[in-house]
Amino acid sequence: MEKEIVEQDFIQAEAILKNVKEEIGNFIVGQEKITDEVLWSMLAGGHVLLEGLPGLGKTMMIRTISEVMDLSFARIQFTPDLMPADITGTMVLQPDEKGKQQFHFHEGPLFKHIVLADEINRATPKTQSALLEAMGEKTVTIMGETKKLEAPFFVLATQNPLDMEGTYPLPEAQLDRFLCKLHVAYPSKEELKAIIKRTTGTDSTTLTQVASVEDIIHLQSLVKQILVADDILDVAVNIVSATHPGSEDATELGNKYIQAGSGPRGLQSLVTMAKARALASGRYHVSIADLRYAALPVFRHRILLNFEGEIAGITPDQIIEDILEKTLRIEAGKGR
């Protein structure tokens with residue numbers, strides 16, 4: 001009886017996610033891969049670093065996701081003069097009914113379900129730290145008082161790959177707080193044509209809410225119930241070990257160009273992201289393909305190249321592909 005109830009939960013979860021994707025697709029042209037990866041990250045309870053040129057529809061996509069899921073949304077444009085209180089909120093002295101002055105808390109934009117931190121690398125490290133505390137602890141601290149953020153809490157931060165002058169790039173230790181890093185690509189010619197038809201005419205699209213806050217929290221709990229077999233977990237561990245130069249699993253390319261690889265948080269992110277993909281695919285267990293799909297977005301910001309790698313123009317994606325090719329070839333050789 002209990003098994004039937006669990007199976008019904010997973011069937012319902014797959015249906016909810018299918019409806020969410022269809023509704024997003026009614027408004028957003030293309031970007032299916034990025035949409036999938038953002039949804040997996042939300043189910044995994046992680047935060048996303050988005051990298052792409054301005055004007056590719058990142059804000060519109062995130063706003064659309066928030067509307068179809070009935071999640072509150074805030075966008076913060078990070079600038080060098082942005083202060084921590086501008087995002088966390090602050091205590092303001094106001095008179096009460098009797099005219100007595102008292103401090104009242106005014107919430108900042110972090111008190112939303114989805115926060116889009118636009119061009120996070122333009123803010124000072126002090127303001128970046130306030131955001132990173134909220135991401136890690138799901139709380140903010142104002143004047144010594146800690147306030148809890150409402151679940152689900154999800155941050156998407158963007159970085160413009162161009163025009164980096166005068167910015168404050170996130171240190172590697174802080175980049176590790178993000179579950180994954182996604183590259184937003186140019187739309188295809190057909191997608192460009194469809195975008196113009198949808199956005200420059202008189203027709204307008206009305207979004208329908210197809211999921212609720214309670215649905216998202218329930219889906220996140222189901223992700224934790226997805227099973228990972230020991231042999232699948234061994235593959236995940238071998239992938240992470242291969243990012244460590246000098247290890248027995250390291251590839252020739254990795255030994256030559258990696259300065260520092262991924263740690264335990266990267267392994268946690270890989271497995272959680274793979275679980276979320278399995279749930280979205282209607283499965284109760286993680287497969288090798290789930291690890292394969294999750295590895296690139298999870299590790300590309302966790303692999304630090306050495307000087308030789310930077311000079312040679314090697315990208316973390318090339319090294320991850322090399323690691324996956326070797327690791328999965330060895331696994332295939334075991335007769336899986």
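Owing to the predicted nature of the structure, the values given are computational and were not obtained by experimental measurement.

Visitor: Give a detailed account of the overall build of the chain, specifying residues and quantitative values.
Guide: Across its full length, the chain carries 14 helices and eleven strands. Over its C-alpha atoms the chain spans a radius of gyration of 22 Å, differing by no more than 12% from the 20 Å that the globule rule assigns to 336 residues. Overall, the C-alpha framework of the chain stretches about 80 × 55 × 45 Å when taken along its three principal axes. Looking at the chain as a whole, 46% of its 336 residues are labelled buried.

Visitor: An account of the nonpolar core is requested, with residue identities and associated values reported.
Guide: V38 and M69 are the most contacted members of the largest nonpolar core, which totals 69 residues. Listed in part, the 26 residues of the second largest apolar core include L49, L132, L149 and L170.

Visitor: Just give me the short version of unusual backbone geometry, but keep the residues and values in it.
Guide: Note that the residue after A151, namely P152, is joined by a cis bond; omega there is -5°. You can see P152 is positioned in the loop between β7 (145–148) and β8 (154–159). Even without being glycine, D70 reaches a positive phi, approximately 60°. Take D70: it is sitting in the loop between α3 (58–68) and β2 (73–77).

Visitor: So what about the packing of helix α9 (residues 230–242) against helix α14 (residues 316–333)? Which residues, and what values?
Guide: Following both chains from N to C, one finds α9 and α14 inclined at 145°, their axes separated by 10 Å at the closest point. The handedness of the crossing between α9 and α14 is right-handed. Here α9 contributes V235, N238, I239 and A242 to the contact with α14, which in turn contributes I323, L324, T327, L328 and E331. A class-by-class count of the residues in the contact of α9 with α14 yields six nonpolar, two polar and one charged.

Visitor: Tell me about a nonpolar patch on the surface, and name the residues and values.
Guide: On the surface, L93, F103 and M143 cluster together to form a nonpolar patch covering roughly 350 Å² of accessible area. The topology assignment puts L93 in strand β3 (residues 89–95). For L93, a relative accessible area of 46% translates into the label partly exposed.

Visitor: Break down the pairing of strand β1 (residues 48–51) for me, citing the residues and quoting the values.
Guide: Because side chains alternate across β1, one face comprises the buried residues V48 and L50, and the other comprises L49 and E51, equally buried. Two strands pair when backbone bridges link them, and β1 and β8 are joined in this way by four bridges, in the parallel orientation. Paired with L50 across the bridge in β8 is T158. One ladder, built from four bridges, connects β1 with strand β9 (residues 180–183); its direction is parallel. Looking at β9, one finds that V48 is bridged to C180.

Visitor: Tell me about the packing of aromatic side chains, and please be specific about residues and values.
Guide: This structure, assessed with the given rule, holds two aromatic pairs. Taken together, a centroid distance of 5.5 Å and an interplanar angle of 65° make the contact between F105 and F111 edge-to-face. Over the ring of F105 we find K147, and its NZ or CZ is 4.7 Å from the ring centre.

Visitor: Describe helix α8 (residues 213–225), listing the residues and the values that go with them.
Guide: In a regular helix each residue adds 1.5 Å, so 13 residues correspond to 18 Å; α8 covers 19 Å between its end C-alpha atoms and thus fits that length. When we look at burial in α8, the residues that qualify are V213, I216, L219, Q220, L222 and V223.

Visitor: Residues and numbers for the pattern of salt bridges, please.
Guide: Inspection of every chain in the model, using the stated rule, returns 13 salt bridges. R283 is the partner of D290 in a salt bridge, and the nearest nitrogen-oxygen pair spans 2.9 Å. Exposure remark for D290: the relative accessible area of 0% places this residue in the buried category. Put simply, E321 and R292 hold a salt bridge, and the shortest N to O gap is 2.8 Å. Placement of the pair is E321 in helix α14 and R292 in helix α12 (residues 288–299), with a sequence separation of 29 residues.

Calculation notes
- Residues numbered from 1 in each chain as written.
- Predicted model: local features only at pLDDT ≥ 70, side-chain atom pairs only at ≥ 80, totals over all residues.
- Heavy atoms only, no water.
- Helix = DSSP H or I, 4+ residues; strand = E, 2+ residues; numbered from the N terminus.
- Rg over C-alpha atoms; globule rule 2.2 N^0.38 Å.
- Buried < 20%, exposed > 50% of the residue type's maximum accessible area, 1.4 Å probe, protein only.
- Core = buried A, V, L, I, M, F, W, Y, C linked by side-chain atoms within 4.5 Å.
- Axes fitted to C-alpha atoms, helices over the stretch in contact; angles between N-to-C directions.
- Left-handed = near helix turned anticlockwise from the far one by under 90°.
- Contact = heavy atoms within 4.5 Å.
- Nonpolar A, V, L, I, M, F, W, Y, C, P; charged D, E, K, R; others polar.
- Patch = residues over 30% accessible without salt bridge, like charges linked within 9 Å, V, L, I, M, F, W, Y side chains within 5 Å.
- Areas by Shrake-Rupley, 256 points an atom, 1.4 Å probe, with all protein chains shown as cover.
- Salt bridge = Lys/Arg side-chain N within 4 Å of Asp/Glu carboxyl O.
- Pairing = 2+ DSSP bridges.
- Phe/Tyr/Trp six-rings, centres within 6.5 Å; stacked < 30°, edge-to-face > 60°.
- Lys NZ or Arg CZ within 6 Å of the ring centre and 35° of its normal.
- Expected span 1.5 Å × (residues − 1).

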